[in-house]
Amino acid sequence: MPTEIMHKEFDLRLLQTDDGVIVQQHGREYLARRWQLTATVKGIIKTAIDNNFNCLWVDGHPLNASAHYMCFSRSHEKPWEFLIGGEARPPQVKCITINKKLRLPLSEISDDLIWQNFGGKHLFIEPDLNRLKWLIRLLKRIPRETLVTSNNRQSLGKHEQKMIGFQFEKHLEDFIFEQLLSNGHRPIRQPKAFAPNRLIEQASIPDIILEHENEVYIVELKPNAIDIADLHQLNRYASNNAIKSKYGHKSIKPVLLAGFFHEEIIEEAAKFEKDFELVSYDYTGGNVVFYNVRGDRSFYNLLLTVNSR
């Protein structure tokens, strides 16, 4: 008896055949070539549908009666949002692919994402349901209507920048780098890529690395409030074997400097094995004031000018 999945509330039917999975929904039908309704695929489908990513085709995708993928979206209007495609090696699921149109809005939320450097330049994540649920939580923070225009972001005017502070992460990075230099330190900005511990991870490239006496500060900068994913990104950097090998004789100190830390983020940081130092700042009328949020204040003290210590 063929394997079948039905969701009448979404007018959705998936039927497994020898050639793949037939997807039928709202008057459209296509064959997802080579795919099978394995336990892993069923888990991905259920997770998507449970989170309202219940549209398995969008305008123009697929174009023909068959495709190498099954895509998921919150609407039948393009673009699709994530899919399992040929790069996942069907019927196995080696990865889940997220549309490159989401690259800019996702990058503003989290850096703990691995972008393809080949083909369509899409994003891929491990086929783990908890990882997919985490990704979906990020996607839900991006309104569907912003996706089409997500690559047309306009810069703020000078007056707006003065009122809100650092417009982009690069502006914050410029300021912190210059602040450390002016205090007599020798930070390294955007160092070479350190090879990842696992092949599926992207290379580790901290925003700033600073050696000071017997310590090496691995610094990540976020101009706004941070997400738990930012903690995991910094932990991945601080646990990177190539970084630890390069600075093996010194203590690795992870630092996250951000505009704001919610209480649950501070509590989560305490759960990591490494001692995270969290530093926040206020930007008012061009003046930046730093605040120690968590940790031993060692990097915080390096940021302060001599007269303010």
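About the criteria used
- Residues numbered from 1 in each chain as written.
- Predicted model: local features only at pLDDT ≥ 70, side-chain atom pairs only at ≥ 80, totals over all residues.
- Heavy atoms only, no water.
- Phe/Tyr/Trp six-rings, centres within 6.5 Å; stacked < 30°, edge-to-face > 60°.
- Helix = DSSP H or I, 4+ residues; strand = E, 2+ residues; numbered from the N terminus.
- Buried < 20%, exposed > 50% of the residue type's maximum accessible area, 1.4 Å probe, protein only.
- Lys NZ or Arg CZ within 6 Å of the ring centre and 35° of its normal.
- Core = buried A, V, L, I, M, F, W, Y, C linked by side-chain atoms within 4.5 Å.
- Contact = heavy atoms within 4.5 Å.

*Asks:* Account for the packing of aromatic side chains, with residues named and values stated.
*Replies:* Between two aromatic rings, the relevant description is the distance of the centres plus the angle of the planes. On inspection of all chains with the given rule, the structure shows five aromatic pairs. Their ring planes at 45° and their centres at 5.5 Å tell us that Phe 53 and Phe 82 sit as a pair that is tilted. Within this pair, whereas Phe 53 is found in the loop between helix H1 (39–50) and strand E5 (66–67), its partner Phe 82 is found in strand E7 (residues 82–84), the two being separated by 29 residues in sequence. The same class applies to Phe 53 as to Phe 82, namely buried. A ring pair is formed by Phe 72 and Phe 82, whose centres lie 5.2 Å apart and whose planes are at 25°; its orientation type is stacked. Taken together, the positions of Phe 72 in strand E6 (residues 70–72) and Phe 82 in strand E7 put the pair 10 residues apart, joining distant regions of the chain. By relative accessible area, Phe 82 is classed as buried at 1%. Members of the aromatic cluster, connected to one another through ring pairs, are Phe 53, Phe 72 and Phe 82. In this structure, Arg 28 packs its charged tip against the face of Trp 57, placed 4.6 Å from the ring centre. Just above the ring of Phe 177 sits the side chain of Arg 189; from NZ or CZ to the centre is 5.5 Å.

*Asks:* Mind laying out the nonpolar core, listing which residues take part and the relevant values?
*Replies:* Among the nonpolar cores identified, the biggest contains 41 residues, and Leu 14, Trp 35, Ile 45, Met 70, Phe 82 and Leu 106 are the most heavily contacted of them. A total of six residues in this core trace back to one element, the largest contributor, which is helix H3 (residues 129–140). If we ignore the near neighbours within four places in the chain, the residues touching Ile 45 are Ile 5, Leu 14, Leu 37, Met 70 and Phe 72.

*Asks:* Got a sec to walk through helix H6 (residues 228–238)? Specific residues and values, please.
*Replies:* Among the 11 residues that make up H6, eight are buried, leaving the element largely enclosed by the rest of the structure. Where H6 is concerned, the buried positions are Ala 229, Asp 230, Leu 231, Gln 233, Leu 234, Arg 236, Tyr 237 and Ala 238. The secondary structure elements touched by the buried residues of H6 are helix H2 (103–109), H3, strand E13 (215–225), helix H7 (241–246), strand E14 (251–260) and helix H8 (263–269).

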